[in-house]
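For reference, the chains in residue letters:
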2 protein chains.
Amino acid sequence: MRAVIMHGPGDVRVEETPRPTIIEPTDAVIRVTAACVCGSDLWPYRGIEPVRRPTRMGHEYIGIVEEIGEAVHDIAVGDFVVGSFVASDGTCEICQAGYESRCIHQVMMGSVGTQADFARIPLADGTLVKVEGTPTEAQTRSLLAASDVLGTGWFAAVAAEAGPGKTVAVVGDGAVGLLGILAAKRLGAERIIAMSRHADRQALARQFGATDIVEERGAEGVGRIKELTGGYGAHSTIEAVGTQESMDQAIQATRPGGHVGFVGVSHGVELDGLGLFFSTVHLHGGPAPVRRFLPELIDLIMTDQIDPGVVFDLIVPIEDAAEAYRAMDERRATKALLTL
Amino acid sequence: MRAVIMHGPGDVRVEETPRPTIIEPTDAVIRVTAACVCGSDLWPYRGIEPVRRPTRMGHEYIGIVEEIGEAVHDIAVGDFVVGSFVASDGTCEICQAGYESRCIHQVMMGSVGTQADFARIPLADGTLVKVEGTPTEAQTRSLLAASDVLGTGWFAAVAAEAGPGKTVAVVGDGAVGLLGILAAKRLGAERIIAMSRHADRQALARQFGATDIVEERGAEGVGRIKELTGGYGAHSTIEAVGTQESMDQAIQATRPGGHVGFVGVSHGVELDGLGLFFSTVHLHGGPAPVRRFLPELIDLIMTDQIDPGVVFDLIVPIEDAAEAYRAMDERRATKALLTL
């Protein structure tokens with residue numbers, strides 16, 4: 001089967017690899033019908049994370065169940081399914097509390113690689129959610145978004161306690177930040193301030209529900225958020241980048257007692273303890289427990305209440321994966337979908 | 001009047017100073033009937049924070065209102081009052097949201113100095129709470145504790161979301177940590193693990209509701225907490241020290257999705273962003289909004305439902321303030337009360 005392999009920074013190839021098989025009785029094998037390139041795939045692509053050996057890529061996926069292990073009961077061959085980027089057992093205390101992304105038996109799907117014709121999904125019962133009915137093309141794209149970027153943006157908005165009466169600031173205008181805006185809007189936020197310098201992303205931000213755009217960054221950006229909120233700062237801030245600057249900006253833009261939901265994978269971030277102490281914000285984030293939100297998100301998508309799939313502004317066959325990575329790296333594309 | 005002045009590390013004196021007067025119409029002047037020495041007073045005493053000039057000390061207090069400014073309406077001369085260690089207006093959006101310690105007009109009472117016969121209390125209406133009835137001697141001590149250590153421990157327990165069914169770990173066995181135990185117990189925690197190596201403090205911890213004691217620290221301490229919680233970690237952790245070790249310990253001892261309430265004033269703490277990201281805990285803390293809890297705490301004290309005043313294990317007249325500091329520095333006393 002075809003699979004995307006990263007050989008080093010900037011070096012992505014599509015190669016023939018063996019088709020996966022059931023290893024554990026709790027596994028399923030799915031035929032991937034669409035996958036995509038994640039902002040986090042760009043860290044190794046840009047050489048910020050090491051690529052020590054040729055590495056299978058991809059952790060977002062939708063597809064049709066081809067085969068199941070003998071301990072799989074809730075998912076059947078032929079089901080059209082969506083799963084999270086972390087496989088989880090669904091039964092441990094951490095999963096039961098809604099933190100499936102930190103399941104004690106978690107398997108990062110990035111270690112499996114879903115930019116491929118087929119993928120082995122560990123812990124299938126706990127990980128996969130069946131989609132009822134036949135999704136349209138637009139719904140299909142949105143279901144793929146639910147697998148990570150929508151689920152992650154949603155978690156960020158929930159972690160930031162976006163809701164009625166709240167002013168929500170969003171740091172980061174990638175797919176996750178943009179879908180954080182969509183989530184904040186759905187959760188009832190009164191005002192949503194998107195921090196973005198790119199006209200096309202500003203437009204998408206407004207389409208998803210942003211009421212204000214702030215182009216300034218750093219201290220100036222924080223100053224603008226304060227100005228827009230009577231000097232207090234945002235009630236809720238979504239951080240969707242993962243750099244020192246973005247984390248500092250998110251914490252400083254939030255009022256005392258407010259909530260920061262951070263989902264950008266931290267790269268070289270060190271938080272000053274005293275600064276955090278006197279900020280008096282709530283800080284919560286990490287790898288999003290997408291599985292918690294999947295049933296609700298699938299329902300919203302299949303009833304056309306949300307259309308997160310519009311973040312895919314580049315759709316190419318898997319053979320053109322190298323171009324998909326390049327386009328995202330060069331910011332010519334916000335989010336690239338790979339068809340199979 | 002008499003006031004405690006710190007001249008440098010280890011150098012605390014009681015000196016005659018001018019009696020304070022009303023400056024702003026929102027001020028009150030109180031006759032302090034008891035004050036105390038805070039763990040945070042030990043930072044400059046130990047030379048960890050600089051003492052740049054002779055400095056008035058103290059930010060915890062109870063007393064009787066002597067004089068009020070003309071804009072004070074809710075407090076009257078003769079009232080017996082308790083206030084927080086931060087003066088707050090009670091009306092701004094931050095106060096209204098329950099974060100009075102970060103009021104936009106906040107005045108740190110440490111800059112006023114309450115280890116003295118009299119103290120000027122800014123923003124008296126927003127800051128002071130009248131105590132109805134005549135407290136007993138034990139209740140008086142407890143009311144003084146409410147001014148900071150009890151209120152701070154309470155906030156830590158609330159920030160850590162201590163409650164029914166929860167296992168709460170407490171890092172720090174000073175007065176705040178101990179009263180965090182009391183708070184967690186009152187909030188309904190099922191199990192409370194105190195981290196302490198001192199027999200006398202372990203005894204007080206058990207008196208306040210601790211069900212388990214862990215003497216190990218660092219990675220070993222974290223390992224013990226994990227062992228005691230089925231490998232998951234605590235649901236809620238109270239951090240009441242403020243060092244790198246205590247913060248790391250608190251975060252690592254908490255399960256994914258759990259809550260860390262941190263109230264130790266950070267000294268040299270740097271939090272690793274990636275570690276925090278993958279911990280997936282909720283982190284909330286800072287200077288405790290004691291004022292939020294005062295009415296409830298006063299009620300619990302005046303109805304003898306809690307007796308936090310037992311943390312005072314050294315009671316001396318203000319003239320002996322130097323000995324009070326020394327005893328706390330040498331850990332001969334957990335918490336010293338100064339009578340006036």
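Residues numbered from 1 in each chain as written. Chains lettered and ligands numbered in written order. Predicted model: local features only at pLDDT ≥ 70, side-chain atom pairs only at ≥ 80, totals over all residues. Heavy atoms only, no water.

Enquirer: Quick rundown of the interface of chain A and chain B? Include the residues and the values.
Expert: Contacts between the two partners involve 34 residues from chain A and, on the opposite side, 34 residues from chain B. For the pair chain A and chain B, the number of links is two salt bridges. Between Glu 93 of chain B and Arg 255 of chain A there is a salt bridge; the shortest N-O distance is 2.7 Å. Linking chain A with chain B are 18 residue pairs in polar contact (both at pLDDT 80 or more), by the criterion used here. (Contact = heavy atoms within 4.5 Å. Salt bridge = Lys/Arg side-chain N within 4 Å of Asp/Glu carboxyl O. Polar contact = N/O pair within 3.5 Å; in protein donor to acceptor, adjacent residues only side chain to side chain.)

Enquirer: With reference to specific residues and values, describe the domain arrangement of chain A.
Expert: Frequently, the measure chosen for interface size is the accessible area removed from exposure when the parts meet. Residue and element names in this part refer to chain A. For chain A, the domain assignment lists domain 1 (2-148 + 289-339) and domain 2 (150-285). Each of domain 1 and domain 2 was reduced to a C-alpha centroid, and the two centroids are 26 Å apart. The interface of domain 1 with domain 2 comprises 26 residues on the first partner and 23 residues on the second. For the pair domain 1 and domain 2, the two sides together bury roughly 2,000 Å², of which 66% comes from carbon and sulfur. Among the residues of domain 1 in contact with domain 2, Trp 43, Arg 331 and Thr 334 are the three that bury the most area, contributing 27% of the side total. The tally of links from domain 1 across to domain 2 stands at one salt bridge. (Domains from an automatic or database assignment. Buried area = accessible area lost by both parts, 1.4 Å probe.)

Enquirer: Explain unusual backbone geometry to me, using residue names and the numbers behind them.
Expert: All names here are of chain B. Of note, Thr 280 is a non-glycine position whose phi angle comes to about 55°, a positive value. Checked against the element boundaries, Thr 280 lands in the loop between helix 10 (273-279) and strand 17 (282-285). On the accessibility criterion, Thr 280 (0% relative accessible area) is buried. The backbone of Asp 304 shows a phi angle near 60°, a positive value even though the residue is not glycine. Turning to its location among the elements, Asp 304 is positioned in the loop between helix 11 (290-302) and strand 18 (314-317). (Helix = DSSP H or I, 4+ residues; strand = E, 2+ residues; numbered from the N terminus. Buried < 20%, exposed > 50% of the residue type's maximum accessible area, 1.4 Å probe, protein only.)

Enquirer: Give a description of helix 4 (residues 137-146) of chain A that names residues and reports values.
Expert: A turn of α-helix holds 3.6 residues, and therefore any two residues three or four places apart point the same way. Buried within helix 4 of chain A are the following residues: Gln 139, Ser 142, Leu 143, Leu 144, Ala 145 and Ala 146 of chain A. Buried-residue contacts for helix 4 of chain A involve strand 3 (28-37), strand 5 (61-68), strand 6 (80-83), helix 5 (149-159), helix 11 (290-302) and strand 19 (336-339) of chain A.

Enquirer: Could you give me a rundown of the relation of the copies chain A and chain B, with the residues and numbers involved?
Expert: Least-squares fitting of chain A to chain B yields an RMSD of 0.0 Å, with the transformation described by 0.0 Å of translation along the axis and a rotation of 180°. What the rotation and shift describe, once combined, is the action of a two-fold rotation axis. Taken as a fraction of all interface residues of chain A, those also at the interface in chain B reach 100%, which identifies the copy contact as same-surface. (Least-squares fit on C-alpha atoms with pLDDT ≥ 70 in both.)

Enquirer: Tell me what's going on with the sheet that holds strand 12 (residues 191-195) of chain B, and back it up with residues and numbers.
Expert: Working definition: the strands of a sheet are paired by backbone hydrogen bonds and lie parallel or antiparallel to each other. In space, the twelve strands of this open sheet follow the order 13(A)-12(A)-11(A)-14(A)-15(A)-17(A)-17(B)-15(B)-14(B)-11(B)-12(B)-13(B), with mixed pairing throughout. Strands with a single pairing partner mark the edges of an open sheet, and in this sheet they are strand 13 (212-214) of chain A together with strand 13 (212-214) of chain B. Going across the sheet, the axis of each strand differs from the next one's by a mean of 20°, ignoring polarity. Direction of pairing for strand 11 (residues 167-171) of chain B relative to strand 14 (residues 234-239) of chain B: parallel, over a ladder of four bridges. What sits directly across from Val 168 of chain B, in strand 14 of chain B, is Ser 236 of chain B. Of the strands in this sheet, strand 14 (234-239), strand 15 (254-262) and strand 17 (282-285) of chain A touch helix 5 of chain A, which is tilted by about 160° from strand 15 of chain A. Sheet contacts for helix 6 (residues 175-186) of chain A: strand 11 (167-171), strand 12 (191-195) and strand 14 of chain A; angle to strand 12 of chain A, the most-contacted strand, approximately 175°. (Pairing = 2+ DSSP bridges. Axes fitted to C-alpha atoms, helices over the stretch in contact; angles between N-to-C directions.)

Enquirer: How would you explain the pairing of strand 12 of chain A if you had to name every residue and give the values?
Expert: Residues and elements named next belong to chain A. Among the five residues of strand 12, four are classified as buried, and the element is accordingly described as predominantly covered. Sheet topology places strand 11 next to strand 12; five bridges connect them, and they run parallel. If you follow Val 168 over to strand 12, its bridge partner there is Ile 192. Considered for its hand, the β-α-β crossover made up of strand 11, helix 6 and strand 12 is right-handed. The sheet contact formed by strand 12 and strand 13 spans three bridges and is parallel. (Right-handed = clockwise from strand over helix to strand, strands pointing away.)

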